[in-house]
Amino acid sequence: MLNEYDLSVGQVATRCGVKVSTLHFYEQKGLIKSLRNQGNQRRYPRDVLRRISVIKAAQQFGISLHDIQQAFSHLPNQRTPNKDDWSQLSKTWKNQLNTQINALEDLRDSLEGCIGCGCLSMTSCPLYNPNDTLATKGDGAVLLAKPK
Ligand code: FES
């Protein structure tokens, strides 16, 4: 239900420092919702400002919009995250970030022999896919290959 304190798309864009097209994109992805006024213009409840702040903060952590949408969908009545929700979400995303950081550190450490090498050897280069189980099924992109 619309109320007089709802915000136009331009007001939300200005307040949040995002483009109008970004708001449309967020809405298309189910991250925010708007209502339509009698002139068929978008109107956003004021809590959209906090919702967008959470989205922007999560994106700065490298969290995908898909993961943000998933997290929002688990909130009761898909409400805008409150302080406790943010505390929980940020802990989850922190763990996710630590996992990614560890994976990147492992990758970095495995690349030490590659730096300045350039051989891309199929037998000794760590960039080569050592667990390539599909290699037994043929050369190239076997999943994309059409059956003969
Ligand atoms: S490029 Fe030579 S070992 Fe990776």
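Residues numbered from 1 in each chain as written. Predicted model: local features only at pLDDT ≥ 70, side-chain atom pairs only at ≥ 80, totals over all residues. Heavy atoms only, no water.

Q: If you had to explain the sheet that holds strand β1 (residues 7-8) to someone new, which residues and values would you point to?
A: Read across the open sheet, the 3 strands follow the order β1-β3-β2; overall the sheet is antiparallel. Strand pairing shows two members of the sheet lacking a second neighbour, β1 and β2 (35-36), which therefore form its edges. Examined bridge by bridge, β1 and strand β3 (residues 42-44) share 2 bridges and lie antiparallel to one another. Bridging from a neighbouring strand, Ser8 pairs with Arg43 of β3. (Pairing = 2+ DSSP bridges. Helix = DSSP H or I, 4+ residues; strand = E, 2+ residues; numbered from the N terminus.)

Q: So what about the packing of aromatic side chains? Which residues, and what values?
A: By convention here, two paired aromatic rings are described through the distance between centres and the angle between planes. In this structure the tally under the stated criterion is 2 aromatic pairs. Judged by centre distance (6.2 Å) and plane angle (25 degrees), the ring pair of Phe61 and Trp86 falls under stacked. Of this pair, Phe61 sits in the loop between α3 (48-60) and α4 (65-73) while Trp86 is found in helix α5 (residues 83-110), placing the two residues 25 residues apart along the sequence. Given a relative accessible area of 33%, Phe61 falls into the partly exposed group. With relative accessibility at 28%, the residue Trp86 sits in the partly exposed group. (Phe/Tyr/Trp six-rings, centres within 6.5 Å; stacked < 30°, edge-to-face > 60°. Buried < 20%, exposed > 50% of the residue type's maximum accessible area, 1.4 Å probe, protein only.)

Q: Before we move on, could you go through a nonpolar patch on the surface and cite the residues and values that matter?
A: Taken together, the side chains of Leu104, Leu107, Leu120 and Leu127 define a hydrophobic patch exposed on the protein surface, amounting to about 410 Å² of accessible area. Mapped onto the fold, Leu107 is located in helix α5. (Patch = residues over 30% accessible without salt bridge, like charges linked within 9 Å, V, L, I, M, F, W, Y side chains within 5 Å. Areas by Shrake-Rupley, 256 points an atom, 1.4 Å probe, with all protein chains shown as cover. Salt bridge = Lys/Arg side-chain N within 4 Å of Asp/Glu carboxyl O.)

Q: So, the side chain of Asp85: which residues are in play, and what are the values?
A: By the element assignment, Asp85 lies in helix α5. Look past the residues within four positions of Asp85 in its chain and what remains in contact with it is Leu75, Arg79 and Thr80. (Contact = heavy atoms within 4.5 Å.)

Q: Outline the packing of α3 against α4, supporting the account with residue identities and numerical values.
A: The geometry of α3 relative to α4 is characterised by a closest axis approach of 10 Å and an angle of 135 degrees between their N-to-C directions. Between α3 and α4, the angle falls in the class oblique. In the packing of α3 onto α4, the handedness of the crossing is right-handed. Residues Arg51, Val54, Ile55, Ala58 and Gln59 of α3 form the contact with α4, whose participating residues are Leu65, Ile68 and Phe72. Tallied by class, the residues present in the contact of α3 with α4 amount to 6 nonpolar, 1 polar and 1 charged. (Axes fitted to C-alpha atoms, helices over the stretch in contact; angles between N-to-C directions. Parallel < 35°, antiparallel > 145°, perpendicular 65-115°, else oblique. Left-handed = near helix turned anticlockwise from the far one by under 90°. Nonpolar A, V, L, I, M, F, W, Y, C, P; charged D, E, K, R; others polar.)

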